[in-house]
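# Structure assessment
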Amino acid sequence: MNTFKMHKSDFSEDKWLYEITPKNKFLSLNLKEVWRYRDLLFLFVKRDIVTVYKQTVLGPLWYLIQPLFTSITFTIIFNNVAGISTGSIPPFLFNLAGIMVWSYFTSCLNATSDTFRANAGMFGKVYFPRLIVPISVVISNLVKFLIQFAIFIAFYFYYVMKGTVIQFNESVFLFPLLIMVMGILGLGLGMLISSLVTKYRDFSYLVSFGVQLLMYVSAVMYPMALIKMKMPSLAWLVQYNPLAYIIETSRYMLLGVGDVSLFGVLYVVAITTFVFLFGLLIFNKTEKSFIDTV
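Cut-offs used in this document
Residues numbered from 1 in each chain as written. Predicted model: local features only at pLDDT ≥ 70, side-chain atom pairs only at ≥ 80, totals over all residues. Heavy atoms only, no water. Salt bridge = Lys/Arg side-chain N within 4 Å of Asp/Glu carboxyl O. Helix = DSSP H or I, 4+ residues; strand = E, 2+ residues; numbered from the N terminus. Buried < 20%, exposed > 50% of the residue type's maximum accessible area, 1.4 Å probe, protein only. Axes fitted to C-alpha atoms, helices over the stretch in contact; angles between N-to-C directions. Parallel < 35°, antiparallel > 145°, perpendicular 65-115°, else oblique. Left-handed = near helix turned anticlockwise from the far one by under 90°. Contact = heavy atoms within 4.5 Å. Nonpolar A, V, L, I, M, F, W, Y, C, P; charged D, E, K, R; others polar.

### Describing the pattern of salt bridges
Per the stated rule, a full pass over the model turns up 2 salt bridges. As a salt-bridge pair, Lys 228 and Asp 259 come within 2.7 Å of each other at their nearest N and O atoms. With Lys 228 in helix H10 (residues 224-230) and Asp 259 in the loop between helix H12 (242-255) and helix H13 (262-287), this residue pair connects regions lying 31 residues apart in the sequence. On the basis of relative accessibility, which here comes to 28%, the residue Lys 228 falls in the partly exposed class. Judged by relative accessible area, Asp 259 falls into the partly exposed class, the value being 35%.

What follows is the structure, encoded as structure tokens:
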């Protein structure tokens, strides 16, 4: 008769490479572990880019159709019908610049806000740093943004060749940092909302409705100076909206128009940092027990 003996040394902690435990610090980014799983991160990015439009007729052309048709619609309704002036900048180009940046934020927010619920099956079967999933969304949406930015550049040179006086602001080299701030803000809000959705399912419907309303107080289709002049009593809704200031700053960098100040930039950075850290705290806390409630 065979006898199976177990020795205490067989279960020594030194024999394990990794220890899976929920006892993480609330604000732990765990970047070392995220870097260790970088191959998985790149795989998720590839999945997000390839599979989204895999079974569609137009495929990646939707990346181009959406901002173009939205810009045309905004130009007709808000500039031609409502008479909103964009100064010396062509209305279509003005709208395209705002929609391009706004689309990047909403894409990051909508995708990351469903992280736990959409990946519950995978999270319950295999371990990897959960933070990889929302980070992969922000990176994959950056590819979409770059395609739309190329379209913006094409129309920019088209209007310049027609004789329209447009010029980049000297701070345009900081534009990538501005987009990074927008992505971090979307990531922070998305992590926070994703944590709430695990307990309150109907919160996802409120988010989709709220994002549509948020667009109208984010200066996407009008300059901030206009709301200050037309509705000074409600201008604070736009002035203290970090999204509105990011969009206004992006048009200032790309088109040389807009109302930008150093205080506004510092305000946006402070709000973005707070939202990201708070979202990360709630995300890490929810990660420990979400599988029981999702």
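### A look at the packing of helix H2 (residues 38-51) against helix H7 (residues 132-161)
Running from amino to carboxyl end, H2 crosses H7 at an angle of 50°, the nearest separation of the two axes being 8 Å. On the basis of the axis angle, H2 is oblique to H7. The interaxial crossing formed by H2 with H7 has right-handed handedness. Here Leu 40, Leu 41, Phe 44, Val 45, Asp 48 and Ile 49 of H2 come into contact with H7, specifically with Ile 132, Val 133, Ile 135, Ser 136, Val 137, Ile 139, Ser 140 and Val 143. Taken together, the residues that form the contact of H2 with H7 break down as 11 nonpolar, 2 polar and 1 charged.

### As for the side chain of Arg 130
Structurally, Arg 130 can be placed in the loop between helix H6 (120-123) and H7. Arg 130 gets classed as buried once you look at its relative accessible area, which sits at 10%.

### Here's the deal with the environment of Ala 244
Among the secondary structure elements, Ala 244 is positioned in helix H12. Its relative accessible area of 0% is what places Ala 244 among the buried residues. Along the sequence, Ala 244 and Ser 218 sit 26 residues apart, while their C-alpha atoms lie 3.9 Å from each other.

By themselves these figures say nothing about function.
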